[in-house]
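One-letter residues, chain by chain:
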Amino acid sequence: MPAISASAPGKAILFGEHAVVYGQPAIAVPVKQVKATAIIRPLIRERSGFVRIQAEQINLDSALSDLPEQNPIALAVRSTLSELNINQPPAFHLRISSTIPLGGGLGSGAAISVAVIRAVSSFLGSSLEAEQVSDLTFEVEKLYHGNPSGLDNTVVAFEKPIYFVKGDPIEFAHLKESFTLVIADTGKSTPTRDTVAAVRSAWKADKQNFDRLFTEIGELSHRARKILEGGNPVDLGPLMDENHSRLQEMGVSSAELDQLVMAAKQEGALGAKLSGGGRGGNIIALVRDEDGERIEATLKNAGAKGTVVTRVQ
Ligand code: MEV
């Protein structure tokens, strides 16, 4: 059996993080410049059923049987085996790596799960549909997020821009024109589970205000979809700015995020916002194509620990 390699992209939420957990629409796109990769090699000398999992970036090197049920990578492997009705797979070594900053709002957890599920299923001679991969990943996302909307697993497994409403059938956003985003990492991170929980407590304490914020954000996603599908993506800029203000009001921005958003805007970005769970992680800035490199340099000077320029199409 030859070695198998599978990968999955990162993602950026253009509109609607957090509000999406409360039933509002969100728009997210895959970011293919960063990815998680899973490589599987058969272990011909080991007994069948033995699986070794290695992920250097998180200091993991363990037999699958030694990992607890709550370990996300172990869950991704186990649920793929059970989806394929395989109890005793031929022994294998699974090695995982990722260029997506961990906990930075770019879907690192979902991408690792999708890469693992794709690699394990193809090692075992089956190729799962994107929807099956997304559903299995959703189960793992519950460990990372507690109460995930399903947005991250869907955009990462389908690798297409999506307009997402929790619980609704998947709708792809058909972009009429491509556009450029600069993504910049604060280098700090807060687990999504924590920011989602913080928003939930704040919502419980002030439902009227938070319901208003969620509805306003949902309206921005709705308007953004029309712009994306009608052409003229520069018009997304002001909506991104508004979305960022609402996220500030929700208490999920941070001084570092605001500083990067401001630096991008001062350098001529058309719009900028935090992307993902917030309180650290990444911002995204919509830029004219010719401004991408200059704004990227500005963001590095303003303290960004990593940057990516990506063409969304
Ligand atoms: C995390 O990438 C996005 C959130 O909206 C959580 C979720 O959708 O599950 C913050």
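Read on for an overview of the structure. Quantities reported herein were computed from a predicted structural model and do not represent experimental measurements.

Moving on, we get to the layout of surface pockets. A probe as big as a water molecule, rolled over the atoms, marks out the empty space that is left. Each pocket or cavity is described by its volume, and for the largest pocket that value is around 590 Å³. Residue lining of the largest pocket: 41 residues in total, with Ser108, Gly109, Tyr144, His145 and Thr192 positioned closest to the centre. Elements with a minimum of two residues in the lining of the largest pocket: β1 (4-15), α1 (72-83), β5 (92-98), α2 (108-123), α3 (130-145), α4 (151-158) and α5 (192-205). Top contributing element to the lining of the largest pocket by residue count: α2, with four residues. In terms of residue class, the lining of the largest pocket is built from 17 nonpolar, 19 polar and five charged. Of the volumes computed, that of the second largest pocket is approximately 200 Å³. Asp135, Asn153, Thr154, Phe164 and Ile170 are the residues nearest the centre of the second largest pocket, which is lined by 13 residues in total. The greatest single-element share of the lining of the second largest pocket, amounting to four residues, is contributed by α3. By residue class, the composition of the lining of the second largest pocket is four nonpolar, six polar and three charged.

Among the nonpolar cores identified, the biggest contains 75 residues, and Leu14, Phe15, Ile53, Val77, Leu94, Val116 and Phe179 are the most heavily contacted of them. Here the element with the most residues in this core is α2; it accounts for ten residues. Valine 77 has contacts with Ile53, Leu64, Phe92, Leu94, Val116 and Val120, leaving out every residue within four places of it along the chain. Counting residues in hydrophobic clusters, the runner-up holds 26 residues, among them Leu257, Ala264, Leu274 and Ile295.

This part covers the packing of α1 against α2. Between α1 and α2, the shortest axis-to-axis distance is 9 Å and the interhelical angle comes to 35°. Like other packed secondary-structure pairs, α1 and α2 cross with a definite hand, here right-handed. In this structure, α1 contributes Ile73, Ala76, Val77, Thr80 and Leu81 to the contact, and α2 contributes Ile112, Ser113, Val116, Ile117, Val120 and Ser121. Of the residues contributing to the contact of α1 with α2, the split by class is eight nonpolar, three polar and no charged.

To continue, consider the site of the ligand. Around the ligand, a shell composed of 13 residues is seen, among which Lys11, His18, Pro148, Ser149 and Asp152 lie nearest. One nitrogen or oxygen atom from the main chain of histidine 18 is found 2.9 Å from an oxygen atom belonging to the ligand. One of the side-chain nitrogen or oxygen atoms of histidine 145 is found 3.4 Å away from an oxygen atom of the ligand. Alone, the ligand offers 300 Å² of accessible surface; in the complex the protein occludes 98% of this. Cavity membership is defined here by more than half of the atoms lying within 2 Å of grid points; on that basis the ligand lies in the largest pocket. Listing elements by their share of the shell around the ligand, those giving two or more residues are β1 and α5. A class-by-class count of the residues in the shell around the ligand yields five nonpolar, five polar and three charged.

Rules behind the numbers
Residues numbered from 1 in each chain as written. Predicted model: local features only at pLDDT ≥ 70, side-chain atom pairs only at ≥ 80, totals over all residues. Heavy atoms only, no water. 1 Å grid on protein atoms, 1.4 Å probe; cavity = no way out; pocket = protein on both sides within 12 Å on 5 of 7 lines; lining within 4 Å. Points joined across faces, edges and corners; volume = space filled by probe spheres on them. Helix = DSSP H or I, 4+ residues; strand = E, 2+ residues; numbered from the N terminus. Nonpolar A, V, L, I, M, F, W, Y, C, P; charged D, E, K, R; others polar. Core = buried A, V, L, I, M, F, W, Y, C linked by side-chain atoms within 4.5 Å. Buried < 20%, exposed > 50% of the residue type's maximum accessible area, 1.4 Å probe, protein only. Contact = heavy atoms within 4.5 Å. Axes fitted to C-alpha atoms, helices over the stretch in contact; angles between N-to-C directions. Left-handed = near helix turned anticlockwise from the far one by under 90°. Near = heavy atom within 4 Å. Polar contact = N/O pair within 3.5 Å; in protein donor to acceptor, adjacent residues only side chain to side chain. Areas by Shrake-Rupley, 256 points an atom, 1.4 Å probe, with all protein chains shown as cover. Sits in = over half its atoms within 2 Å of the grid points.

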